[in-house]
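Breakdown of the fold
Listed below, chain by chain, are the residues.
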Amino acid sequence: MSRNDVSGIETSAVSVLKRAVELDQSSRFQESLVCYQEGIQLLLDVLKAIKDESKKTHYREKIRVYMERAEQIKNHLKQEKEEGKYHEQIKIMENATGYSYEKLFKPYINETLTEIWVEDPYIRYFHQLYNFLRFCEMLLKAPCKVKRIHLLTSQEEGDSSTQVNALAEIKQSLQNHGVTLTIEYSTTIHDREIRFNNGWIIKIGRGLDYFKKPQGKFSIGYCDFDLRQCQETTVDIFHTKHTRTT
């Protein structure tokens, strides 16, 4: 590994661990744990590559400290989950960026996730249907083996053919990737909730539709949702051992 490669990994480790500490101090423990684990792995990669013994000693101590904190957080989360007390809140501010579906949901996705329930009354209009498609794409790329997605939404008033046809196309496309999508419509649905069968429940005030309209089709943020401005909303995360099943 070249010196530039090592330097790049060091920079990445510092950035990730800085974020871990910030999240830790904000009591966003599940997210901070993910960052601590990523940062520790990056430091371990650096440790393997460097020859300077003083640097090795420095990084070994850093790794020890971060590992201790990660273990404390892991035990804290485990206890809260066991007691059914876990609750975390994320406030997305007006015009904030960096809240793509990948970033928001990543801490709650693992290899045990196989089934998802999406309850959102606003998967009706063109951009909302694309939001749902992006959410499905995110799941297909994530480190999990999703087999079933259940969508409960409301039907577009008047001519609902665009909504019905788009969801049918998404359903067929998911089937081509080995994922079954079930679609139900409700006239009374108001709450917005995404439930994973690994125990995580994510409630977003605006549902999946928390992004602002981009300035144009060729403006920054049109394709990359991490660069897209958000509308103000609140995300509440819970954990329960008693998950829904079909």
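Looking at an unreviewed UniProt entry, the protein chain carries the name MIT, microtubule interacting and transport, domain containing 1, with the source organism given as Lepisosteus oculatus.

**As for the overall build of the protein chain**
Broken down by element type, the protein chain carries 6 helices and 7 strands. Tracing the protein chain from N to C terminus, the helices and strands come up as α-α-α-β-α-β-α-β-α-β-β-β-β. Along the first, second and third principal axes, the C-alpha atoms of the protein chain reach 70 × 45 × 35 Å. Within the protein chain, the fraction of its 246 residues that count as buried is 44%. Restricting to contacts in the protein chain with at least 6 residues of sequence separation, those with at least 24 account for 75%. For the protein chain, the exposed surface amounts to about 14200 Å²; the carbon and sulfur share of it is 49%. Charged side chains of the protein chain number 36 positive and 35 negative; the gap between the two group centres comes to 3 Å.

**Observations concerning the sheet that holds strand 4 (residues 180-185)**
Strands sit in the order 1-7-6-5-2-3-4 across an open sheet of 7 strands; the sheet is mixed. The open sheet has two free edges, formed respectively by strand 1 (87-92) and strand 4, since each of these has just one partner strand. For this sheet the average axis-to-axis angle between neighbouring strands, irrespective of direction, equals 15°. Across 6 bridges, strand 1 lies against strand 7 (residues 233-239) in antiparallel orientation. When the sheet's bridge partners are listed, Ile90 is paired in strand 7 with Val235. Relative to strand 4, helix 6 (residues 161-176) is tilted by about 160°, and along the sheet it contacts strand 3 (148-153) and strand 4.

**Focus: the packing of aromatic side chains**
If you walk through the whole model with that rule in mind, you get 13 aromatic pairs. Their ring planes at 70° and their centres at 5.4 Å tell us that Tyr101 and Phe211 sit as a pair that is edge-to-face. Highlighted residues: Tyr101 in helix 4 (residues 101-105) and Phe211 in the loop between strand 6 (200-204) and strand 7, separated in sequence by 110 residues. Given a relative accessible area of 1%, Tyr101 falls into the buried group. Taking relative accessible area as the criterion, Phe211 reaches 5% and is therefore assigned buried. Connected via pairs of aromatic rings, a cluster forms that spans Tyr101, Phe105, Phe135, Phe196, Tyr210, Phe211 and Phe225.

**What about the UniProt feature "domain: MIT" (unreviewed entry) in the protein chain?**
What UniProt calls "domain: MIT" (unreviewed entry) maps, in this numbering, to residues 6-84. Secondary structure across residues 6-84 comprises 91% helix and 0% strand; the distance between its end C-alpha atoms is 42 Å.

**Overview of the nonpolar core**
Counting 64 residues, the largest nonpolar core has Phe105, Phe132, Phe135 and Phe196 as its most contacted members. The dominant element in this core, judged by the number of residues it contributes, is helix 2 (residues 29-49), at 8 residues. Split by domain, the residues of this core number at least three in each of domain 1 (3-83) and domain 2 (87-239). When residues no more than four places from it in sequence are discounted, the contact partners of Phe105 are Phe135, Met138, Ile194, Phe196, Ile202, Ile204 and Leu208.

**Quick word on helix 3 (residues 53-83)**
With 31 residues, helix 3 extends 45 Å between its outermost C-alpha atoms, agreeing within 8% with the 45 Å of an ideal straight helix rising 1.5 Å per residue. Lys56, Tyr59, Ile63, Tyr66, Ala70, Ile73, Leu77 and Glu80 are the residues of helix 3 that are buried. Against helix 1 (3-25) and helix 2 lie the buried residues of helix 3.

What counts as what
Residues numbered from 1 in each chain as written. Predicted model: local features only at pLDDT ≥ 70, side-chain atom pairs only at ≥ 80, totals over all residues. Heavy atoms only, no water. Helix = DSSP H or I, 4+ residues; strand = E, 2+ residues; numbered from the N terminus. Buried < 20%, exposed > 50% of the residue type's maximum accessible area, 1.4 Å probe, protein only. Contact = heavy atoms within 4.5 Å. Areas by Shrake-Rupley, 256 points an atom, 1.4 Å probe, with all protein chains shown as cover. Lys, Arg positive; Asp, Glu negative; His and termini not counted. Charge placed at Lys NZ, Arg CZ, Asp CG, Glu CD. Pairing = 2+ DSSP bridges. Axes fitted to C-alpha atoms, helices over the stretch in contact; angles between N-to-C directions. Phe/Tyr/Trp six-rings, centres within 6.5 Å; stacked < 30°, edge-to-face > 60°. UniProt positions renumbered as here; feature names shortened; annotations may be inferred. Core = buried A, V, L, I, M, F, W, Y, C linked by side-chain atoms within 4.5 Å. Domains from an automatic or database assignment. Expected span 1.5 Å × (residues − 1).

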